[in-house]
2 protein chains.
Amino acid sequence: MKILLDAMGGDNAPDATIKGAYKAVNQVKSEIVLIGKEEIIRSKFKEFYGKEPEEISNRLIIKNATETIEMEDIPTVAIKHKKDSSMVVGFKMLKEDEGDVFISAGNSGALLTGATLLVGRIKGIDRPALGGILPAYHSQLLLMDCGANTNCKPINLLQFALMSTIYLRNTFGIEKPTIGLLNIGTEETKGNDLTKESYLLLKEKSEELGINFVGNVEGRDAFSGEIDAIVTDGFTGNIFLKSVEGLGKFVKKSLTENLKKNLFTTICAAPSLPAIKGFAKSVDYKSYGGALFLGVKKPVVKAHGSSDEILFEFTIKQAEKFVENKAVPKMIEEFEKGNKEEK
Amino acid sequence: MKILLDAMGGDNAPDATIKGAYKAVNQVKSEIVLIGKEEIIRSKFKEFYGKEPEEISNRLIIKNATETIEMEDIPTVAIKHKKDSSMVVGFKMLKEDEGDVFISAGNSGALLTGATLLVGRIKGIDRPALGGILPAYHSQLLLMDCGANTNCKPINLLQFALMSTIYLRNTFGIEKPTIGLLNIGTEETKGNDLTKESYLLLKEKSEELGINFVGNVEGRDAFSGEIDAIVTDGFTGNIFLKSVEGLGKFVKKSLTENLKKNLFTTICAAPSLPAIKGFAKSVDYKSYGGALFLGVKKPVVKAHGSSDEILFEFTIKQAEKFVENKAVPKMIEEFEKGNKEEK
């Protein structure tokens, strides 16, 4: 198995991608292909570990790519013209079966454009979407779409619901995952035009498509553990994602500070630190890794733009599991079945 | 001073409103007018305290209103036809200066419709909005709009920014409050049509209106303490509000559970409980009370629909402060000045 990693993508690349790959390589079975400027990558390996990557592991491979897509590049232009960029090279390898999954923390727009144009959509899906896994009470929550599609139509949300169902069933073994529509009230008449129309469409089509649609869900109930996935347009989903991320950051900072207020509280807190750390980890959104770009023909993982080495390490391990549990081939299979039945 | 309280509004009314008023009355200087079905209110006072309200305090007053607006009532219809409802009676008293502030946890749509129709908008404001105060790092964050206007235009968001500025200056003493536009990226080109257009309008008009506009703000940075207010349409704002509320609930539940995992951790946790409780309070959105409906001519406070007696107690005290610091008269004054200057 081969994991393709955009070594140049993200705020902390290539240092964080290299260090993440170094840490992950002995925890995965796959080869890790670092795609980017070979000279830079080699000199960084020398700097950090005093060795060439091949001397560290025969599963650490470099694929040279002379260009880099920058954060400020216009996605479509960059994908079209920067043909030897780490991202375009990665997508081409993925398409041509020279790798099993592609991870990048680079320019999100370019990543989504590239995945759609160079790898291609699954037949029956109009808009692929970013599925992020968030922690929830004794459970997890899939958020579809985390931010790929700023503007959506009801049909897109219906497809997000179907993709979520298939993904959760095959990957988490949840037989009938509960799917909610993210909204500002639970009543059918609540929300904006998109949520109102999407509600009606989901209600009408869910049974025949095998979606366990449970109606509107408000953010305040999203983490209860009773909802397996919430579907929403990418703008709203991204607002949701980043607001919980922001609160999570604030919570960790305040908690640490409250416990360190004075020497007395610090000492008193010591025995309960393991419990608090366990908790802090459970609300640290960073430890939940990358979002999966569901709806394209091959596995693509969008890592957090500000990923550090620990997050890259985690995301690489997560990507291997994503390939192992065959989430994408199963998605294709189920949609093909659906497409045939339609005819 | 007189605080008007819709005794029949909210999921836990009238028990919670009555108990909240009872708890608050000795902590405020104002009279508290409980508006609702007199017979029920009196019998509840007898049941809870064995006394008539007048025997408890001469500042506990009942105003009889024979009807109640229910959660499932259509707002405009209810406001028009239920003329003797606790809500409509409250608004009429507020308008006719028989009270200084009106608090209700009832049907949100009816509250907003009633405030706009019966109390009236401040000249120069097209859409009043719900301003909620959230906790932030060593600070607080004003969220405008929390959910009053599902659909907004850029001009509305500009007015929200201006109202936020005036409110924060006069109430929190922040000379030049920093105002951000809630968005999914910090770059000018990010977001949906509304945020893109609003960004340009805010950029163009802020200086002349005295708004300290700091650009797009993502949810992940909203709680840093560096932003005093974020403006957004009511749909997005409500998603934001409820998602942080949901995470807050999850955080409290998980933290408590982690600390109680076994007898050992429970005992160990004991000394640090005050610190943890201090922290838990700081992320408990309920202790931040009601949202202010800014842009109408008199003070209107929308209490949380699921408010309990403690939250009503808090909201009553908060409402008194809101009147004392003259937030609304100052808002009117500044907008009148602006209107004159325009001519």
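Above this note sits the structure.
Residues numbered from 1 in each chain as written. Chains lettered and ligands numbered in written order. Predicted model: local features only at pLDDT ≥ 70, side-chain atom pairs only at ≥ 80, totals over all residues. Heavy atoms only, no water.

**Q** So what exactly am I meant to see when it comes to the side chain of Glu218 of chain B here?
**A** By the element assignment, Glu218 of chain B lies in the loop between β8 (212-217) and α9 (219-222). Given a relative accessible area of 8%, Glu218 of chain B falls into the buried group. A distance of 2.4 Å separates the side chain of Glu218 of chain B from the side chain of Lys242 of chain A, its partner in a polar contact. (Helix = DSSP H or I, 4+ residues; strand = E, 2+ residues; numbered from the N terminus. Buried < 20%, exposed > 50% of the residue type's maximum accessible area, 1.4 Å probe, protein only. Polar contact = N/O pair within 3.5 Å; in protein donor to acceptor, adjacent residues only side chain to side chain.)

**Q** Hey, could you run me through the pattern of salt bridges in this one?
**A** Once the charged atoms of two side chains with opposite charge are near each other, the side chains can pair. Summed over the entire model, instances satisfying the criterion amount to 32 salt bridges over all chains. For the salt bridge of Glu52 of chain B with Arg42 of chain B, the shortest nitrogen-to-oxygen distance reads 2.5 Å. Taken together, the residues Glu52 of chain B in the loop between α2 (38-49) and α3 (53-56) and Arg42 of chain B in helix α2 connect sequence positions ten residues apart. Close ionic contact of Lys190 of chain B with Glu187 of chain B constitutes a salt bridge, the shortest N to O distance being 3.9 Å. Among the ionic contacts, a cluster of salt bridges with common partners joins Glu38, Arg42, Lys46, Glu52 and Glu54 of chain A. (Salt bridge = Lys/Arg side-chain N within 4 Å of Asp/Glu carboxyl O.)

**Q** Can you help me understand the state of the cysteines in this one?
**A** Think of a disulfide as a covalent bridge from one cysteine sulfur atom to another cysteine sulfur atom. Per the stated rule, a full pass over the model turns up zero disulfides over all chains. Lacking any disulfide linkage, Cys152 of chain A is separated from the closest cysteine sulfur, that of Cys146 of chain A, by 12 Å. (Disulfide = S-S within 2.5 Å.)

**Q** Would you explain the sheet that holds strand β6 (residues 139-144) of chain B in this entry?
**A** Note: strands within a sheet are paired through backbone hydrogen bonds, in either parallel or antiparallel orientation. All names here are of chain B. Taken together, the eleven strands give an open sheet; going across it, the order is β3-β2-β1-β4-β11-β10-β5-β6-β9-β7-β8, and neighbouring strands pair in mixed fashion. Edge positions in the sheet fall to β3 (60-64) and β8, since each of these pairs with one other strand and no more. When strand polarity is set aside, the average angle formed by the axes of neighbouring strands in this sheet is 30 degrees. Strand direction decides the pairing type here: strand β5 (residues 129-136) and β6, joined by six bridges, are antiparallel. For Pro135, the partnering residue across the bridge sits in β6 and is Gln140. (Pairing = 2+ DSSP bridges. Axes fitted to C-alpha atoms, helices over the stretch in contact; angles between N-to-C directions.)

**Q** Is there a simple way to think about helix α8 (residues 193-209) of chain B in this case?
**A** Residues separated by three or four positions in an α-helix point in the same direction, a consequence of the helix having 3.6 residues per turn. All names here are of chain B. For α8, with 17 residues, the first-to-last C-alpha span of 23 Å sits near the 24 Å given by 1.5 Å per residue. At Lys203, α8 shows its maximal kink, close to 30 degrees. Every buried residue belonging to α8 is among Leu194, Thr195, Ser198, Tyr199, Leu201, Leu202 and Ser206, and all of these are buried. Once α8 finishes, Gly210 follows within two positions and takes phi at roughly 75 degrees, a positive value. (Expected span 1.5 Å × (residues − 1). Bend = angle between axes of the 7 residues up to and from the residue.)

**Q** Sorry, what's going on with the packing of helix α5 (residues 86-95) of chain A against helix α6 (residues 108-119) of chain A here?
**A** Packed helix pairs are characterised by how far apart their axes lie and by the angle those axes make with each other. Residues and elements named next belong to chain A. Direction vectors running N to C along α5 and α6 enclose 35 degrees, while the axes themselves pass 10 Å from each other. By crossing handedness, the relation of α5 to α6 is classed as right-handed. Two secondary-structure elements touch here, α5 through Met87, Val88, Phe91, Leu94 and Lys95 and α6 through Ala110, Leu111, Gly114, Ala115, Leu118 and Val119. In the contact of α5 with α6, the residues fall into nine nonpolar, one polar and one charged. (Left-handed = near helix turned anticlockwise from the far one by under 90°. Contact = heavy atoms within 4.5 Å. Nonpolar A, V, L, I, M, F, W, Y, C, P; charged D, E, K, R; others polar.)

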